[in-house]
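Summary of structural features
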Amino acid sequence: QVQLVESGGGLVQAGGSLRLSCAASGRTFSSYAMGWFRQAPGKEREFVAGIRWSGDSTYYTDSVKGRFTISRDNAKNTVYLQMNSLKPEDTAVYYCAGKDPTTRNYDYWGQGTQVTVSS
């Protein structure tokens with residue numbers, strides 16, 4: 001199993017940047033695909049970005065392409081989300097999630113970190 005703890009959220013002005021981190025515990029972290037999701041008030045949780053276990057393949061929802069970058073450091077058991085050119089509509093609680101290689105579902109979730117973008 002994997003335990004996940006996010007950090008790096010905060011308040012930023014539109015056009016600014018933040019980098020979220022997700023620290024994982026558990027020796028099998030490097031075998032898990034990882035993802036970032038977000039949930040804005042009154043909206044459903046949505047997928048933001050994902051990265052393969054090896055880090056050699058990434059994918060993004062259209063609204064963040066060209067602005068957000070997901071990466072991972074398996075030696076540090078950490079996955080990152082670099083967010084640039086932030087917009088007020090990026091305001092949400094951001095969650096890190098781990099995809100179990102057996103179930104192929106995002107079975108493991110962090111507690112979330114708040115990102116607020118002011119206009």
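For the structure itself, look to the data block above.
None of these values were measured; they are calculated from a predicted model. (Residues numbered from 1 in each chain as written. Predicted model: local features only at pLDDT ≥ 70, side-chain atom pairs only at ≥ 80, totals over all residues. Heavy atoms only, no water.)

Regarding the state of the cysteines
Just so we agree on the cut-off: Defined by distance alone, a disulfide is two cysteine sulfur atoms within 2.5 Å. Helix and strand definitions here come from DSSP, where helices need a minimum of 4 consecutive H or I residues and strands a minimum of 2 consecutive E residues; each element is numbered from the N-terminal end.
Tallied over the full model, the rule gives one disulfide. Here C22 pairs with C96 through a disulfide, and the sulfurs are 2.1 Å apart. The sign of the S-S torsion, about -80°, decides the handedness of the disulfide formed by C22 and C96: left-handed. Here the residue C22 occupies a position in strand β3 (residues 18–25), and C96 occupies one in strand β9 (residues 92–99), the gap between them amounting to 74 residues.

Re the nonpolar core
Stated formally: Working definition of a nonpolar core: buried Ala, Val, Leu, Ile, Met, Phe, Trp, Tyr and Cys residues. They are joined through side-chain atoms within 4.5 Å. The buried label applies to any residue whose accessible area, calculated with a 1.4 Å probe on protein chains only, is under 20% of its type's maximum; exposed applies above 50%, and partly exposed to all values in between.
Of all hydrophobic cores here, the largest spans 29 residues; its most connected members are M34, W36, L81, M83 and Y94. The set of elements that each furnish at least two residues to this core consists of β3, β4 (33–39), β5 (46–51), β7 (68–73), β8 (78–83), β9 and β11 (113–118). Counting residues per element, this core draws most heavily on β3, at four residues.

With respect to the environment of V64
We apply this condition: When checking whether two residues touch, look at their non-hydrogen atoms; a contact exists if any pair is within 4.5 Å.
With respect to the helices and strands, the residue V64 is situated in the loop between β6 (58–60) and β7. Relative accessible area serves as the criterion here: at 0%, V64 is assigned to the buried category. The sequence separation of V64 and S85 amounts to 21 residues, and the corresponding C-alpha distance is 9.5 Å. When near neighbours in sequence (up to four residues on either side) are disregarded, V64 contacts R38 and V48.

In short, the description is geometric, and any link to function would need to be established separately.
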